[in-house]
Amino acid sequence: MSVLLEVEGLTRRYALPRPHPLAATPLITALDDVGFTLEAGRTLGIVGESGSGKSTLARLVMALESPSAGEVRFAGRDLHALTAGALREARREFQMVFQDPYGSLDPRMTVARSVAEPLERLDQVSRRERRERAGVMLAAVGLNPATDLDRYPHEFSGGQRQRIAIARALITHPKLIVADEPVSALDVSVQAQVLNLMQDLQERFGLAYLVISHDLAVVDLICDDLLVLEHGRVVERGATDQVLAQPVHPTTRRLIDAQPRPMWQHSR
């Protein structure tokens, strides 16, 4: 398989308030020299405790923030070196699914408009075509276009809202989806349904996933490979089965010990 995403030397520092006007600006390092690759059609899990840098990494991969150092290369192009126009065009090939399936959808928009919103920014297509494409994506995630396109997010359950958010991410036909805690806000039984849907969509559309999670049951189910972060640094990496069966770093062992018994068995 070809390498789709390459992250090299990725570092992100944030400035803190100065203790007094003449003092040097203190910095906090959220990510420190992080690197990995992700092949097309595969799933990489990023795990770590709260404050480990997982969400910062997701924002940098999505080019929502700029790194202090390092590169994010998608399909061979450094995203942070692109012009605004080139980056906007590239965004159709990588999309994001957020943790909160309600907060990520505008409550004032119908499902049809929410799902088709990326097309409004990226493609000059008619309203009718946007609606038709939204219907196709809604059906792909297991919802009914005939009854659901003109409804609003508050009319759906949490699991259904996350399906809508996934349909929205799929509508530009991306090669990569970054999923930041995609099921942590859902009930356990619904989590399994959404994760199984993600696997089905991966096979159907040839997607690569970068899954950010604190939950090892989630990564055990859907991730081929695993990368463990602690205080912004990579402390362990490898095939998911191997890392979970034979953890080397204390952080990985601590995450495993804190994990309740999974409610499902992985099917990879």
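Coordinates for the structure precede this section.
Every chain's residues receive numbers from 1 upward, in the order its sequence appears when written. In keeping with the model being predicted, local features are shown solely for residues with a pLDDT of at least 70 and side-chain atom pairs are shown and tallied solely at 80 or more, while totals for entire chains, interfaces and linings include all residues. Heavy atoms throughout the structure, all of them, feed into the side-chain values; hydrogens and water do not.

A few points about the overall build of the protein chain
Test applied: Helix and strand definitions follow DSSP, with helices as H or I runs of at least four residues and strands as E runs of at least two, each counted in order from the N terminus. Throughout, radius of gyration means the C-alpha value; the globule benchmark is 2.2 Å times the number of residues raised to the power 0.38. In this scheme, a residue with accessible area under 20% of its type's maximum is buried, one over 50% is exposed, and one in between is partly exposed, where area comes from a 1.4 Å probe on protein chains only. A contact between two residues is defined here by any heavy atoms of the two lying within 4.5 Å. Every accessible area reported is derived by Shrake-Rupley at a probe size of 1.4 Å, with residue values counting cover from the shown protein chains alone. Under the convention used here, Asp and Glu are negative, Lys and Arg are positive, and both His and the chain ends fall outside the count. For charged residues, the charge sits on one atom: NZ in Lys, CZ in Arg, CG in Asp, CD in Glu.
Along the backbone of the protein chain there are ten helices and ten strands. Taking 268 residues into account, the globule formula puts the C-alpha radius of gyration at 18 Å, and the protein chain, at 19 Å, falls close to it. Based on the C-alpha atoms only, the size of the protein chain along its principal axes is roughly 55 × 45 × 40 Å. Residues counted as buried form 49% of the 268 residues belonging to the protein chain. When contacts within the protein chain are restricted to residue pairs at least 6 apart in sequence, those whose partners lie at least 24 apart make up 68%. For the protein chain, the exposed area adds up to about 13000 Å²; of that, 48% sits on carbon and sulfur atoms. The averaged location of the 34 negative side-chain charges in the protein chain is 5 Å from the averaged location of its 31 positive side-chain charges.

Overview of the sheet that holds strand 6 (residues 94-97)
This is how it is decided: When DSSP finds two or more bridges between a pair of strands, those strands are recorded as paired. To obtain an axis, a line is fitted to C-alpha atoms, over the contacting stretch when the element is a helix, and the angle between two such axes runs from 0 to 180 degrees between their N-to-C directions.
In spatial order, the strands read 6-7-8-3-9-10; together these six strands make up an open sheet with mixed pairing. Only two strands of the sheet have a single neighbouring strand rather than two, namely strand 6 and strand 10 (233-239). The sheet shows a mean angle of 15° between the axes of neighbouring strands, direction not considered. Contacting strand 6 and strand 7 (176-180), helix 6 (residues 158-170) crosses the sheet at an angle of about 170° to strand 6.

A look at the side chain of Arg-12
Here Arg-12 shows up in strand 1 (residues 3-15). In this structure Arg-12 comes out as buried when scored by relative accessible area, which is 17%.

Things to note about the layout of surface pockets
What counts, and what does not: Computed over the protein atoms alone on a 1 Å grid, cavities are sets of points where a 1.4 Å probe fits but cannot get out and pockets are open sets with protein on both sides within 12 Å along at least five of seven lines; a residue lines them when it has an atom within 4 Å of a point. Grid points are joined across faces, edges and corners, and a volume is the space filled by probe spheres set on the points. Residues are grouped as follows: Ala, Val, Leu, Ile, Met, Phe, Trp, Tyr, Cys and Pro are nonpolar; Asp, Glu, Lys and Arg are charged; every other residue, Gly included, is polar.
Roughly 330 Å³ of volume is contained in the largest pocket. Met-62, Gln-95, Met-96, Arg-121 and Arg-168 are the residues nearest the centre of the largest pocket, which is lined by 16 residues in total. If you list the elements that add at least two residues to the lining of the largest pocket, you get strand 6, helix 3 (111-122) and helix 6. Of the residues forming the lining of the largest pocket, the biggest block, four residues, is contributed by strand 6. Counted by class, the lining of the largest pocket contains ten nonpolar, two polar and four charged residues. Forming the walls of the second largest pocket are Phe-36, Thr-37, Leu-38, Glu-39, Arg-42, Leu-44, Asp-225, Leu-226, Leu-227, Arg-237 and Gly-238.

Let's talk about the pattern of salt bridges
We count it as follows: One speaks of a salt bridge when a side-chain nitrogen belonging to Lys or Arg is within 4 Å of a carboxyl oxygen belonging to Asp or Glu.
Scanning all chains against the criterion turns up 18 salt bridges. The salt bridge involving Glu-65 is made with Arg-59; its shortest N-O contact spans 2.6 Å. Since its relative accessible area comes to 28%, Arg-59 is described here as partly exposed. Between Arg-131 and Asp-150 there is a salt bridge, with the nearest N and O atoms lying 3.0 Å from each other. You can see Arg-131 sitting in helix 4 (residues 127-140) and its partner Asp-150 sitting in the loop between helix 5 (145-148) and helix 6, a full 19 residues away along the chain. The exposure class of Arg-131 is partly exposed, given its relative accessible area of 36%.

Focus on the sheet that holds strand 4 (residues 69-74)
Read from one edge of the open sheet, four strands run 2-1-4-5, paired in antiparallel fashion. Single-partner strands in this sheet number two, and they are strand 2 (27-39) and strand 5 (77-78). Pairing of strand 4 with strand 5 involves two bridges; the strand directions are antiparallel. Bridge pairing in strand 5 links Arg-73 to Asp-78. Seen against the sheet, helix 1 (residues 54-61) touches strand 1, strand 2 and strand 4 and runs at an angle of roughly 120° to strand 1.

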